[in-house]
Amino acid sequence: MLDYHLHLWPHGERDRPPTVDEVAGYCARAEAAGVREVALTEHLFRFTQADRLLRGFWDDEPDAALRASMATYWDDHAHADLDDYVACVLAAKDAGLPVVLGLEVDYYRGRMDDVAALLAGYPFDVLLGSVHWIGTWRFDDLSDPVSMAQWSVRAVDDAWDAYTTAMEELAATGTCDVLAHPDLVKVAGHRPPAPEEWWDRLAEAARSSGMAAEVSSAGWRKPGGEAYPAPPLLARFVDRGVPLTTASDAHRLPDVAHRSADLAALLDGLGVATLRAFRGRRGVDVAVVTAVAGS
Ligand SMILES: [Zn+2]
Ligand SMILES: [Zn+2]
């Protein structure tokens, strides 16, 4: 198994300088749960380098409350130094820890060439592509009343459609390697009566872009109460031959490798025997159970 989606800093908590010991703790907890390789994938928006590149992307949001909410969220997060983070993970790799260097990258419509140019300056192994926001609406921010109020203003079908369109556009940019939590739009528990169209489109976005899709236990910790992706979407990825990663999306040590045995059982039920690991943004197939042998 892999845990290819890990954060060092909880939301709402100011970042600390990352340390190799901290990464070693994550690796030890993963190994104890049968996970043989991890990827550190901190959010791009936690770094001052992203702040310089992307600050103000919310300025054309017509809803003043959403605009202010995003500005505050951004200011709360963009404080760490990307060079320090990269150096720490590379030092952990050099120390022999089973970790690869990653980042979780949001979709910034019209700005992904600039994002790609920034990221090309670093030796990333894997880049996760995520949609947490529809425009400036943080539909997954369960702690933000302004964001959650939107769920009673907008039609669920419209939210799923806009989310799927953003995922398709993100995939088509080729900026990232893995579609993270592919049906995150269900996070707050709002589901359309007939989601098949959106499942088909999400699976096709992965297939046509060549990206892998993430199978994540994080959904079990949220009101949606289901792993990402939903079983019918996971089956669509498998049918199309889309490579898969496994992940906890932990933002703190106790959640590292969360329910990895349950993820393994999901995959086993679909006859999935291999996962996709990454080295220098090139995919490497590894066995589900025995995971990675060397690099
Ligand atoms: Zn995410
Ligand atoms: Zn994440």
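Whatever comes next refers back to the structure up there.
### Things to note about the pattern of salt bridges
And step 1. Scanning the entire structure with this criterion turns up 21 salt bridges.
And step 2. Between Asp-144 and Arg-138 there is a salt bridge, with the nearest N and O atoms lying 3.4 Å from each other. Note on accessibility: Asp-144 and Arg-138 belong to one class, buried.
And step 3. Ionic pairing is found between Arg-252 and Asp-255, a salt bridge with its closest N-O pair at 3.2 Å.
And step 4. The buried category is assigned to Asp-255, whose relative accessible area is 13%.

### Focus on the sheet that holds strand 1 (residues 2-6)
And step 1. Strands sit in the order 1-2-3-4-5-6-7 across an open sheet of 7 strands; the sheet is parallel. With one partner strand each, in any of the chains shown, strand 1 and strand 7 (244-247) form the two edges of the open sheet.
And step 2. In this sheet, strand 6 (residues 212-216) lies alongside strand 5 (residues 178-179) in parallel orientation, the contact comprising 2 bridges. By the bridge assignment, Leu-179 is partnered in strand 6 with Ala-213.
And step 3. The sheet strands contacting helix 1 (residues 20-32) are strand 1, strand 2 (37-43) and strand 3 (99-106), and the helix crosses strand 2 at an angle near 130°.

Reading guide: rules and limits
- Residues numbered from 1 in each chain as written.
- Chains lettered and ligands numbered in written order.
- Predicted model: local features only at pLDDT ≥ 70, side-chain atom pairs only at ≥ 80, totals over all residues.
- Heavy atoms only, no water.
- Salt bridge = Lys/Arg side-chain N within 4 Å of Asp/Glu carboxyl O.
- Buried < 20%, exposed > 50% of the residue type's maximum accessible area, 1.4 Å probe, protein only.
- Pairing = 2+ DSSP bridges.
- Helix = DSSP H or I, 4+ residues; strand = E, 2+ residues; numbered from the N terminus.
- Contact = heavy atoms within 4.5 Å.
- Axes fitted to C-alpha atoms, helices over the stretch in contact; angles between N-to-C directions.

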